[in-house]
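# Structure assessment
Each chain, letter by letter, is given below.
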Amino acid sequence: MFCFMVEVERIVKANDREYNEKFQYADNRIHTSKYNILTFLPINLFEQFQRVANAYFLCLLILQLIPEISSLTWFTTIVPLVLVITMTAVKDATDDYFRHKSDNQVNNRQSEVLINSKLQNEKWMNVKVGDIIKLENNQFVAADLLLLSSSEPHGLCYVETAELDGETNLKVRHALSVTSELGADISRLARFDGIVVCEVPNNKLDKFMGILSWKDSKHSLNNEKIILRGCILRNTSWCFGMVIFAGPDTKLMQNSGKTKFKRTSIDRLMNTLVLWIFGFLICLGIILAIGNSIWESQTGDQFRTFLFWNEGEKSSVFSGFLTFWSYIIILNTVVPISLYVSVEVIRLGHSYFINWDRKMYYSRKAIPAEARTTTLNEELGQIEYIFSDKTGTLTQNIMTFKRCSINGRIYGEVHDDLDQKTEITQEKEPVDFSVKSQADREFQFFDHNLMESIKMGDPKVHEFLRLLALCHTVMSEENSAGELIYQVQSPDEGALVTAARNFGFIFKSRTPETITIEELGTLVTYQLLAFLDFNNTRKRMSVIVRNPEGQIKLYSKGADTILFEKLHPSNEVLLSLTSDHLSEFAGEGLRTLAIAYRDLDDKYFKEWHKMLEDANAATEERDERIAGLYEEIERDLMLLGATAVEDKLQEGVIETVTSLSLANIKIWVLTGDKQETAINIGYACNMLTDDMNDVFVIAGNNAVEVREELRKAKQNLFGQNRNFSNGHVVCEKKQQLELDSIVEETITGDYALIINGHSLAYALESDVKNDLLELACMCKTVICCRVTPLQKAQVVELVKKYRNAVTLAIGDGANDVSMIKSAHIGVGISGQEGLQAVLASDYSFAQFRYLQRLLLVHGRWSYFRMCKFLCYFFYKNFAFTLVHFWFGFFCGFSAQIALDTSYWTFINHVFIWGSIAIYFSILFTMHSNGIFGIFPNQFPFVGNARHSLTQKCIWLVILLTTVASVMPVVAFRFLKVDLYPTLSDQIRRWQKAQKKARPPSSRRPRTRRSSSRRSGYAFAHQEGYGELITSGKNMRAKNPPPTSGLEKTHYNSTSWIENLCKKTTDTVSSFSQDKTVKL
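Residue indices follow the written sequence of each chain, beginning from 1 at its first position. Owing to the predicted nature of the model, reporting of local features is limited to residues with pLDDT of at least 70; listing and counting of side-chain atom pairs is limited to 80 or more, with chain, interface and lining totals taken over all residues. Note that water and hydrogens are dropped before the side-chain values are worked out from all heavy atoms of the structure.

## Here we look at the overall build of the protein chain
Under the scheme used here, helices are H or I runs from DSSP no shorter than 4 residues and strands are E runs no shorter than 2 residues, and both carry numbers assigned from the N terminus. Tallying secondary structure elements over the protein chain gives 36 helices and 35 strands in all. Across the 1079 residues in the protein chain, those meeting the buried criterion constitute 50%. In this description, accessible areas are obtained by the Shrake-Rupley approach with a 1.4 Å probe, and a residue is regarded as covered only by the protein chains that are shown. For the protein chain, the accessible surface area stands at approximately 53000 Å², while carbon and sulfur atoms represent 56% of it. Categorising residues by exposure relies on relative accessible area from a 1.4 Å probe, with only protein chains included: less than 20% of the type maximum marks a residue as buried, more than 50% marks it as exposed, and the intermediate range marks it as partly exposed.

Spelled out as structure tokens, the structure:
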């Protein structure tokens, strides 16, 4: 009886390898390869003999080794079989060699590890659980670490998580206050002996629970204290961390799928055909064996004396048995092994067609398309579902300030001499920002009217740009060259602050109490009185500042659907104009925000601030009270205008999505970005439109809520098609697949499904996933937000398993690798997030738009060519093999061969080279002037085909032949549809009748839904970051806050870190109870 260790919690002691080794935790070495030296041969042979033909020829080889039944030499089978298996094995070994090479490159990276009280360079694969590692700026994180200390104040550090969730904006991580005091003191770090008790390895990127025990006290740990493998340290000089999970236990590796053996539908079809043909071969063998037994019993006796056979030595039944196996060997050419060799050669040629395609070559970066596998080309023509990442795949992840509306006037448009709006071209001269020393050189704006309004001193324009420079969470610093550098938590905010900077309102620096900006060359310091942070419910953020004149102002920006409800009634006219401008911006795919402000009375603000301090100190309903106070002060706002930022799509994305949709290919977007951002891109790509019948948003927080929302969405969807669905609810199991496709055809409207990662986790459970899949497959567009890499793979597997459809996954980052491996075909884009996706993919190129040509040109033609080749090949082999079958009736079923195998080889060459030679000979004869010049007497009618087509009688013959050939078929099909219509034909007829019977007056004009792209608040920074700024935790001590004569008001009664720790105390305390290591 065996006993296995089941890890129910992880216990790790710092700086004690001996203690941690008794738990047998995994080391930090990773393996993404399929084979090693010992396992390559058995595993690869097992995979190859999964092909029915290989197994068939192996059995055939065994039969040929028996001399009593074989009339062919054994080497005629073993040589091509060994050749095919060897070639395939070499190709597989080469692919796996590159995986080993990639693994070694990662495992041999260097990291500074604290060993024996001093820092030593160690390879990543030698790092152990419990080690303390030092990371420096721009370094990759070697393992999942507990952050102990950093160069930043209060133990903060900044990380980029692009390889985990695809987001390039920075995330904040902070150490416990007790460990941040360790700093960079090596002796103190070497004496650190804290014990961490935490959860077991899992794939949840956004959750971590554990407890650190040190110095007779316990400290709760959450996800904000952990730095995951795959992250990159940014804007932090150094940090120290303790290894919690290593190697395959890290969350990055837990989310990476396994390398799978991919086979095409043609391969599976060929396996099925081989089985059927083998059955046909057995039938032929049985017929010939029976014929041999009859012949032996009736006629064979006359040949016994002639052949010197002894009487009774050979019975007719036994002769028929041996003849059966002999004919199995002789007729084996009906499925020759050359079929698979030929198929591989054709696939190799198709791969070179992809590699050589100039229309898929990206000249800017000199990146060609690459077919990284040669076995999946024809599958490209059968794709039904595409699963796409968003950031870096559909978009460039570059935000640019394009337009704005200020006081009812649009800035950013270009007009001609007749004041007509024109397109912006390369010849158009942009605004010259070179005179501004601190302007961003990459920023371009083509409307000179905004600069003129600034110079003329328009107060609304100045207030608009002032708001952009004050209301944000951006941090600033200067590099060694003295240039101003912005560190942004959201690319949207970076675009807005950069725009204000180029127009003369430059954000310079901030402290917990002040914000300093340069307004048209003059330094102005504003006192920061309150920061009303963003969250998903508010969809806005505000700051309250006091200017040098002593005026208190509230500046706010956010989603227009939310902010417009907070405006003062006097803004009605401006609201109408701005709303029209926002609709225009949204129609062009721009991401918009509304901008407003409010003047506050000093007395009113002090009373409000006192209530806010009381709410912050409350122990019950604290969040609700704070939210209510935010709502109270953010009212009666004065509208300034709106901004329009472009999240640049890759070139040709809209056209590609449209073409693929016309090909009846469904595109699902699986992204780690937040919901509002994904919806905006959906609208920009035309995957979401305001003309859609409905957009279902699934955002339940538990399994019950998710199940209920899915069922309500299905009821809503079927309710609008009730007339048909009520009549076809019950069907037999054998009609289930047909009914599923029919029900999809009855959905006449356009629908979309949007679901977040938290809800998706419940929706993928066994009792709910069928509802999710049924609803999703009936929607035109599906967008999954905030999903982990493993969830991406699970969604792909769900469609593969239950829809029996060919899937394709496309992405550009390490967070897309598991999805790429799970799909039938994986495509990697050579983007800005590294080459991990490319290395795991089957095909790679530089731009999403090349996917259209890959599928609709190369995929389509590869499939057509392969199908025609198979038909031709089987025809050729049947024609040759059946000669031996008919010859058996003339040779006494004696298993003699009519044609020698060398003759069969000759026939193959004649079919292949002869047909090509005859084709080109006729072509040259009919159309070549060169042949005519050499043999003028033999070829007097050069170009006769061209001349004959000028005769009317020829065209009449062609027309009559076509009509005579086509009309009977067309008439037969029309009569069949009318007399014996299928269920699908009946449904289509019913749909047409419904559309004709529907009165035109019943159509109501659709109103614009609140879920339109211009209503999405596109900020990607985390909730609570504003409170982090005002707490001063992320301010460097070397930059003391400038003194100000203004009265400073502090409203933070508790720090952001303390509040966050307070929120997680109850959860972690419950986790820490009753945890033991079990066997």
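Moving on, there is more to tell.
## Brief notes about the pattern of salt bridges
In what follows, salt bridge is the name for a side-chain nitrogen of Lys or Arg lying within 4 Å of a carboxyl oxygen of Asp or Glu. Here the structure, examined in full by the defined rule, presents 36 salt bridges. Taking the shortest distance from any N to any O, the salt bridge between Glu199 and Lys251 comes out at 3.5 Å. Taken as a pair, Glu199 in the loop between strand S8 (195-198) and strand S9 (210-214) and Lys251 in helix H8 (residues 251-254) lie far apart in primary sequence, 52 residues in all. Note that Arg538 is salt-bridged to Glu634, the shortest N-O span being 2.7 Å. Here Arg538, found in the loop between strand S24 (522-532) and strand S25 (540-546), pairs with Glu634, found in the loop between helix H18 (622-633) and strand S28 (638-649); they are 96 residues apart in sequence, far enough to count as distant.

## Here's the deal with the side chain of Glu463
By secondary structure assignment, the location of Glu463 is in helix H13 (residues 459-470). We call two N or O atoms a polar contact when they sit within 3.5 Å, provided that within protein one can donate a hydrogen and the other can accept it, with sequence-adjacent residues counted only if both atoms are side-chain atoms. A polar side-chain atom of Glu463 sits 2.4 Å from a polar atom in the side chain of Arg466. Residues within four places of Glu463 in sequence aside, it is in contact with Lys553, Tyr555, Tyr597 and Leu640. For this analysis, residues touch if any pair of their heavy atoms sits within 4.5 Å.

## Things to note about the packing of helix H9 (residues 265-298) against helix H10 (residues 316-330)
Note on method: axes are straight lines fitted to C-alpha atoms, helices fitted across the in-contact stretch only, with angles between N-to-C directions ranging 0 to 180 degrees. The geometry of H9 relative to H10 is characterised by a closest axis approach of 8 Å and an angle of 145° between their N-to-C directions. The chirality of how H9 crosses H10 is right-handed. Contacts from Leu281, Ile282, Gly285, Ile286, Leu288, Ala289, Asn292, Ser293, Glu296 and Ser297 in H9 reach Ser316, Val317, Ser319, Gly320, Thr323, Phe324, Tyr327 and Ile328 in H10. Polar here means any residue other than Ala, Val, Leu, Ile, Met, Phe, Trp, Tyr, Cys and Pro, which are nonpolar, and Asp, Glu, Lys and Arg, which are charged; Gly is therefore polar. Grouping the amino acids of the contact of H9 with H10 by side-chain chemistry returns nine nonpolar, eight polar and one charged. The hand of a helix crossing depends on one turn: near helix anticlockwise from the far one by less than a right angle means left-handed, and clockwise means right-handed.

## Looking at the environment of Arg860
Residue position: Arg860 is located in helix H29 (residues 850-888). Separated by 478 residues in the primary sequence, Arg860 and Gln382 have C-alpha atoms spaced 7.8 Å apart. When near neighbours in sequence (up to four residues on either side) are disregarded, Arg860 contacts Gly381 and Leu855.

## Some thoughts on the nonpolar core
Within this scheme, the nonpolar core is defined by two criteria: the residues are buried Ala, Val, Leu, Ile, Met, Phe, Trp, Tyr or Cys, and they are joined through side-chain atoms within 4.5 Å. Ile133, Leu146, Phe192, Val196, Ile227, Met242 and Ile244 are the most contacted members of the largest nonpolar core, which has 51 residues in total. Among all residues touching Ile133, those that are not within four sequence positions of it are Ser111, Glu112, Val113, Val127, Ala142, Leu145, Cys239, Phe240, Gly241 and Val243. Leu465, Ala499, Ile517 and Leu640 belong to the second-largest nonpolar core, a separate cluster that totals 49 residues.

## Quick word on the UniProt feature "active site" (unreviewed entry) in the protein chain
UniProt positions are given in the numbering used here, feature names are shortened, and annotations may be inferred rather than shown by experiment. In the numbering used here, UniProt assigns the feature "active site" (unreviewed entry) to Asp389. Among the structural elements, Asp389 can be located in the loop between strand S15 (385-388) and strand S16 (395-406). Overall, Asp389 belongs to the buried group, its relative accessible area being 1%. When residues no more than four places from it in sequence are discounted, the contact partners of Asp389 are Leu394, Leu670, Thr671, Lys792, Ile810, Gly811, Asp812, Asn815, Asp816 and Met819. A distance of 3.4 Å separates a polar atom in the side chain of Asp389 from a polar atom in the side chain of Lys792.

## Focus on helix H16 (residues 572-587)
By this rule, a helix spans an expected 1.5 Å times one less than how many residues it contains. For H16, with 16 residues, the first-to-last C-alpha span of 23 Å sits near the 22 Å given by 1.5 Å per residue. Those residues of H16 lying buried are Leu574, Thr578, His581, Leu582, Phe585 and Ala586. Summarising the axial view, the buried residues of H16 lie within an arc of 135°, below the 170-degree limit, and thus occupy one face. Exposed side of H16, more than 90 degrees from the buried face: Glu572, Val573 and Gly587 are the residues found there. It is the directions from the helix axis to the C-beta atoms whose arc is reported.

## Topic: unusual backbone geometry
The phi torsion of most residues other than glycine is negative, and most of the peptide bonds are trans. One non-glycine residue with positive phi stands out, namely Ser117, at about 65°. Positionally, Ser117 belongs in the loop between strand S2 (110-115) and strand S3 (118-123). The exposed category is assigned to Ser117, whose relative accessible area is 53%.

## Observations concerning the state of the cysteines
Two cysteine sulfurs form what is called a disulfide whenever their separation falls within 2.5 Å. All chains considered together, the criterion is met by zero disulfides. Considering cysteine sulfurs only, Cys785 is the nearest to Cys784, which forms no disulfide, with 7.3 Å between them. Here Cys867 stays free of any disulfide, with the sulfur of Cys871 as its closest cysteine sulfur at 6.8 Å.

## Quick word on the side chain of Asp694
Inspection of the secondary structure assignment puts Asp694 in strand S30 (residues 694-698). Note on Asp694: relative accessible area 18%, which makes it buried. At a separation of 2.7 Å, a polar atom in the side chain of Asp694 contacts the side chain of Asn716. Leave out the neighbours within four places in its chain, and Asp694 touches Asn716, Asp750, Tyr751 and Ala752.

## Quick notes on the packing of H9 against helix H11 (residues 338-355)
Interaxial distance between H9 and H11 falls to 13 Å at its minimum, and their mutual angle equals 165°. In terms of orientation, H9 and H11 fall into the roughly antiparallel class. Taken as a pair, H9 and H11 cross one another with a handedness that is right-handed. For the pair H9 and H11, the contacting residues are Ile266, Asp267, Met270, Asn271 and Val274 in the first and Leu339, Tyr340, Val343 and Arg347 in the second. Of the residues in the contact of H9 with H11, the class split is six nonpolar, one polar and two charged. Geometric relationships in this document are graded by angle, where less than 35 degrees denotes roughly parallel, more than 145 denotes roughly antiparallel, 65 to 115 denotes roughly perpendicular, and other angles denote oblique.

## Some details on the sheet that holds strand S5 (residues 144-150)
At least two bridges found by DSSP between two strands are what make those strands a pair. What the six strands build is an open sheet, ordered S3-S2-S4-S13-S5-S11; its pairing is antiparallel. Only two strands of the sheet have a single partner each, and these edge strands are S3 and strand S11 (226-227). As paired strands, strand S4 (residues 132-136) and strand S13 (residues 238-245) are joined by five bridges and run antiparallel to one another. Each bridged residue has a counterpart across the sheet, and for Leu135 the counterpart in S13 is Cys239.

## Remarks on the pairing of S2
Relative to S3, S2 runs antiparallel, the two sharing six bridges. The partner of Leu114 across the bridge, within S3, is Leu119.

## Thoughts on the environment of Ser759
Among the structural elements, Ser759 can be located in helix H24 (residues 757-763). Here Ser759 falls in the buried class, since its relative accessible area comes to 0%.

## Section: helix H33 (residues 952-979)
The first and last C-alpha atoms of H33 sit 40 Å apart over 28 residues, in line with the 40 Å expected at 1.5 Å per residue. At any given residue, the bend is defined as the angle formed between two axes, one fitted to the seven residues that end at that position and one fitted to the seven that begin there. Residue Val966 marks the point of greatest curvature in H33, where the axis turns by about 30°; the proline Pro968 follows within four residues.

## Focus on the packing of aromatic side chains
Two descriptors summarise a pair of aromatic rings, namely the distance from one centre to the other and the angle between the planes of the rings. Note on ring pairs: Phe, Tyr and Trp rings are taken, using the six-membered ring of Trp, and paired if centres are within 6.5 Å. Classes follow the plane angle, with under 30 degrees stacked, over 60 edge-to-face and the rest tilted. Throughout the structure, instances matching the rule amount to 30 aromatic pairs. On the numbers, 5.4 Å between centres and 15° between planes, the contact of Phe23 with Tyr25 is stacked. Take Phe23: its relative accessible area is 24%, and that puts it in the partly exposed class. Pairing Phe280 with Phe878 gives two aromatic rings, centres 5.7 Å apart and planes at 35°, and the pair type is tilted. Highlighted residues: Phe280 in helix H9 and Phe878 in helix H29, separated in sequence by 598 residues. Classification of Phe878 as partly exposed rests on a relative accessible area of 24%. Linked through ring pairs, Phe318, Phe321, Phe324 and Trp325 together constitute an aromatic cluster. We note Arg501 situated over the ring of Tyr486; from NZ or CZ to the ring centre the distance is 5.1 Å. We count a charge as sitting over a ring when the NZ of a lysine or the CZ of an arginine lies within 6 Å of the ring centre and within 35 degrees of the ring normal. We note Arg860 situated over the ring of Trp861; from NZ or CZ to the ring centre the distance is 5.9 Å.

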